[in-house]
Amino acid sequence: MSAPQIWIGFPLLLSAILFVLRKQTGVVWIIAIASNILFALLAFFLPAGRPVDLGLFLLPIEDSLVVLGRRFILDGGDRQFLGLIFALGAFWFGGGRVVQANRNFVPLGMTVMALLAAALAVEPFLYAALLVEMAVLVSVPILSPPGQPVKQGLFRFLIFQTLAMPFILIAGWAAGAVEANPAAPHLLQQAVVLLALGFAFWLAVFPFYNWMPLLVSQTNPFVASFIVLTLNTLVFLLSLDFLDAFSWLRSSDLLYPALRLVGTLMVVTAGIWTVFQQDLTRVLAYTLIMENGFSLLALSLNNYVGFQIFASMFLARWITIALFSLSLTILAQKTTPDIQGLQGFLYRMPLASLSLLGGLLGMGGAPLLAVFPLRLFLLENLSSASLAYAIWPIIGMACILIFGLRVLVSLVESDQKTRRAEETRSQAFFLTGGLLFVFMLGIFPRWFLPSFQKLLETFAQLK
Amino acid sequence: MIFQRFSVIAAAIIVVCCLFLLVSRNWRQSILAFAVLYIGVFWLTALVWPVGLAVVKLVVGWMAGAVLGATIQTETSPFQHVELRPVQIFRLTAGAVVIVLVFALESALLEWIAIDPVVLWGAMVLIGMGVLQLGIMTNPFNLFVGLLILLAGFETIYAVLESSVLVAGLLAVVNLGLALTGAYLISSQAGEETA
């Protein structure tokens, strides 16, 4: 038995079984949630690098598995991340049932997660680009279920994500060449340009992010945000792999100012576009872009604190976006998801409305919510370099908060103030759980985040 | 070796097929051109890889073409709309611009990636034509053909840099996956139009 078999092989096998059973949505739902919780618990509690004592005998669990001459390694440092991914997978697949996501969501979503784990594990890590592309292809039937019109956003998503793969693969070759011949400036230039373009396509970096609002507004927002978040999280981890592996990249004079500039542009432009929106699904996309911008800003600090903030952001982002997209999709089942359509919904669907506000304001960095402590810490560190680096992101965040206030006014505004609660029990369960966790993470960040920073143990050079 | 001596023919095949794909109004002819194009891709790859391994590119390309072709229903073909001659002339001109651009950039590109000029030239034409298809075409068939052409161009360059069997296999899976995804979306679109 090996770790890749547990977190890659079994989820792939399970996704095939769930695909066969996909018409029995109830069964699929229960199996998916139970299995994701099991995978998460195994990731958190299974000891790495030593056999497991099963009472009667010792079960050896290897960290690596060799496939066609290449190694897949999931060691101790990866376990925290796997645990988080599968725990949130349980929440996301459970939420999928609540928002009546299409039948492909759970089985193919499990495949995406298994491919994500494979991309995390594969050595050399450059091959991860191919696995990411496979995950993108698998995600197409989730985003565009059979019988529904195919929209432009999906094509753009597919094109941009596919364009990234060649750039990353060739950048990998160029990076290797730079390591071998550090005195050649043209190789360095070539590697940096290719790498920058590849990651820009993958992460919807400014100015390549126009596909994201289209995709999220034209598909199920809950499903789209799951796919985008999953892929982005993996790509960010790959960026750490690159930084860890190549000393010339870590010591580059250009990299960190460029990350700071692009990150700031993403945060500011996403914030400004948000203010002018009516459609909340587009706002959800802009908050995803803004979060990517903040991750780049965290990387731009170029110190261990920056990497710690970067790693901690994953958890806060996942739970806040999950809450935002879940509540938005639930509300979208009853009304058009725009400012006009949401009028008076605080009295009809109070829990969904509060969750929407929690998610939206949380992404704007409002105090007491999950993202706030990390944003504060990040801005403090940015301001120590220069005050301007902190002021621009604050403008972006303020734009989101202003939009949040517009939504609040719309939710409260109603002629009929008879109170009802139209959410179903399962919707109420997931919304309450998400809302509580967002507050818990915001008020007691030290309960959750330090353990999550163990993720950085895998990257020996990022100290 | 025969592939090396007549490698210019491979580049010529690629240019002709790419231009034909830009202006074609008949899906059967387009699929045929797509299949012939992969002979050019195979030829260029065979210059740097063993023929046995390079054949993978040919087989995968043909399979991708077959998958895309099998999805098109004649009555809902994306080519049924009559395209005007000026549109074709525009596309042909744009294609010619791409070819000239690749000619112009060839020496600069050779400084970046020092490989056989014919391989680089053929690959860059494929990439340029793929980007052009993605930029000016709107129907799913052409978009996926554009993506596959673009990837074929990249793979031709990458074959010089990396000869791992695992990479060849994974790229084959990506190509077939792309074709299957294209087939899925084309059939979804067609179903929606006939409904």
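Calculation criteria
Residues numbered from 1 in each chain as written. Chains lettered and ligands numbered in written order. Predicted model: local features only at pLDDT ≥ 70, side-chain atom pairs only at ≥ 80, totals over all residues. Heavy atoms only, no water. Axes fitted to C-alpha atoms, helices over the stretch in contact; angles between N-to-C directions. Helix = DSSP H or I, 4+ residues; strand = E, 2+ residues; numbered from the N terminus. Parallel < 35°, antiparallel > 145°, perpendicular 65-115°, else oblique. Left-handed = near helix turned anticlockwise from the far one by under 90°. Contact = heavy atoms within 4.5 Å. Nonpolar A, V, L, I, M, F, W, Y, C, P; charged D, E, K, R; others polar. Domains from an automatic or database assignment. Buried area = accessible area lost by both parts, 1.4 Å probe. Expected span 1.5 Å × (residues − 1). Buried < 20%, exposed > 50% of the residue type's maximum accessible area, 1.4 Å probe, protein only. Salt bridge = Lys/Arg side-chain N within 4 Å of Asp/Glu carboxyl O. Polar contact = N/O pair within 3.5 Å; in protein donor to acceptor, adjacent residues only side chain to side chain.

A few points about the packing of helix α13 (residues 304–332) of chain A against helix α16 (residues 372–385) of chain A
Residues and elements named next belong to chain A.
Then, in step 1: Taken N-terminus to C-terminus, the directions of α13 and α16 make an angle of 155 degrees; their axes are 10 Å apart at the nearest point. One way to sum up the angle between α13 and α16 is to call them roughly antiparallel. For the crossing formed where α13 meets α16, the hand is left-handed. Contacts between α13 and α16 involve V305, I309, S312, M313 and A316 from the former and L374, F377, L378 and N381 from the latter.
Then, in step 2: For the contact of α13 with α16, the class distribution of residues is 7 nonpolar, 2 polar and no charged.

What about the domain arrangement of chain A?
Residue and element names in this part refer to chain A.
Then, in step 1: For chain A, the domain assignment lists domain 1 (1–123) and domain 2 (128–456).
Then, in step 2: Here the C-alpha centre of domain 2 lies 23 Å away from the C-alpha centre of domain 1.
Then, in step 3: Opposite the 32 residues of domain 1 that make contact, domain 2 presents 40 residues.
Then, in step 4: Each partner contributes to the roughly 3200 Å² buried at the junction of domain 1 and domain 2, and carbon and sulfur atoms together form 84% of this total.

Some remarks on helix α17 (residues 387–412) of chain A
Then, in step 1: The first and last C-alpha atoms of α17(A) sit 37 Å apart over 26 residues, in line with the 38 Å expected at 1.5 Å per residue.
Then, in step 2: By the burial criterion, the buried members of α17(A) are A390(A), P393(A), G396(A), M397(A), C399(A), I400(A), F403(A), G404(A), V407(A), S410(A) and L411(A).

Quick notes on unusual backbone geometry
Residues and elements named next belong to chain A.
Then, in step 1: A cis amide bond links F206 to the next residue, P207, at an omega of 5 degrees.
Then, in step 2: Looking at the secondary structure, you find P207 in the loop between α7 (185–202) and α8 (211–218).
Then, in step 3: Even without glycine at this site, Q100 takes up a positive phi of about 55 degrees.
Then, in step 4: Positionally, Q100 belongs in the loop between α3 (76–98) and α4 (105–121).

Regarding the interface of chain A and chain B
Then, in step 1: Contacts between chain A and chain B engage 29 residues on the former and 30 residues on the latter.
Then, in step 2: In this assembly, chain A packs against chain B so that about 2800 Å² is buried in total across both faces, 82% of it on carbon and sulfur atoms.
Then, in step 3: A per-residue breakdown of the area chain A buries against chain B is headed by L137(A), F155(A) and W173(A), which together make up 18% of the total.
Then, in step 4: Where chain A touches chain B, the interface holds 0 salt bridges.
Then, in step 5: Here chain A and chain B share 1 residue pair in polar contact (both at pLDDT 80 or more) between them.
Then, in step 6: At the level of elements, α5 (128–143), α6 (152–180) and α7 of chain A are the ones that each hand at least two residues to the side of chain A that touches chain B.
Then, in step 7: For the side of chain A that touches chain B, the element with the highest residue contribution is α6(A), accounting for 11 residues.
Then, in step 8: Tallied by class, the residues present in the side of chain A that touches chain B amount to 23 nonpolar, 4 polar and 2 charged.

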